[in-house]
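Summary of the model geometry
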Amino acid sequence: QVQLVESGGGLVQPGGSLRLSCAASGFTFSSYAMSWVRQAPGKGLEWVSDINSGGGSTYYADSVKGRFTISRDNAKNTLYLQMNSLKPEDTAVYYCAKKRGAVRFNALDAWGQGTLVTVSS
């Protein structure tokens, strides 16, 4: 079955960087678009970024544009989120999620368990 396992979260100071990883298994990773979604404490889900199946097209929420970079290594079945210039408002549980198809205009149909990112001094 589909498995998505995030890693790389932790405590970082404002202005710092983290790289999240999402190891995928149970499906043909290279055939599906992927997303990062986050949930801040006490708030709802917020879409962060999408990447199409081949990695050639990426999309970002305005709140992270210019600071975060989504990428994927289809040979390693792994999705990444490089987060730079982190702010306290980036504190959240970050989830990777699989899309139903190869491009971003598809619904999400599988989620990881999430990894906590805390930005604090």
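Residues numbered from 1 in each chain as written. Predicted model: local features only at pLDDT ≥ 70, side-chain atom pairs only at ≥ 80, totals over all residues. Heavy atoms only, no water.

Focus: the state of the cysteines
Tallied over the full model, the rule gives one disulfide. Covalent S-S linkage joins C22 and C96, the inter-sulfur distance amounting to 1.9 Å. With C22 in strand β3 (residues 18–25) and C96 in strand β9 (residues 92–99), the pair connects residues that are 74 residues apart, well separated along the chain. Of the two residues, C22 and C96, both sit in the buried class. (Disulfide = S-S within 2.5 Å. Helix = DSSP H or I, 4+ residues; strand = E, 2+ residues; numbered from the N terminus. Buried < 20%, exposed > 50% of the residue type's maximum accessible area, 1.4 Å probe, protein only.)

Looking at the pairing of strand β11 (residues 115–119)
Because side chains alternate across β11, one face comprises the buried residues T115, V117 and V119, and the other comprises L116 and T118, none of which is buried. Here three bridges tie strand β2 (residues 10–12) to β11, and the two strands are oriented parallel to one another. For G10, the partnering residue across the bridge sits in β11 and is V117. Pairing of β9 with β11, which is carried by three bridges, proceeds in the antiparallel orientation. Note on β11: the bridge partner recorded for Y94 is T115. (Pairing = 2+ DSSP bridges.)

Topic: unusual backbone geometry
One non-glycine residue, N77, lies in the positive phi region at around 55°. Assignment of secondary structure puts N77 in the loop between β7 (68–73) and β8 (78–83). When its relative accessible area of 29% is taken as the criterion, N77 is described as partly exposed. Although it is not a glycine, S85 sits at a positive phi angle of roughly 50°. Its location among the elements puts S85 in the loop between β8 and β9.

Considerations on the packing of aromatic side chains
Following the criterion strictly, the structure yields three aromatic pairs and no others. Between F27 and Y32 the ring centres are 5.8 Å apart and the planes differ by 70°, which places this aromatic pair in the edge-to-face class. By relative accessible area, which is 24% here, Y32 ends up partly exposed. Geometry around F29 places R72 over its ring, the cationic atom sitting 4.2 Å from the centre. (Phe/Tyr/Trp six-rings, centres within 6.5 Å; stacked < 30°, edge-to-face > 60°. Lys NZ or Arg CZ within 6 Å of the ring centre and 35° of its normal.)

Regarding the nonpolar core
Counting 27 residues, the largest nonpolar core has L4, W36, F68, L79, L81, M83 and Y94 as its most contacted members. When contributions to this core are tallied by element, the ones reaching two or more residues are β3, β4 (34–39), β5 (45–51), β7, β8, β9 and β11. Counting residues per element, this core draws most heavily on β3, at four residues. Dropping the residues within four chain positions of it, L79 is found in contact with L20, S21, C22, F29, M34, S35, W36, I51, I70, S71, R72 and C96. (Core = buried A, V, L, I, M, F, W, Y, C linked by side-chain atoms within 4.5 Å. Contact = heavy atoms within 4.5 Å.)

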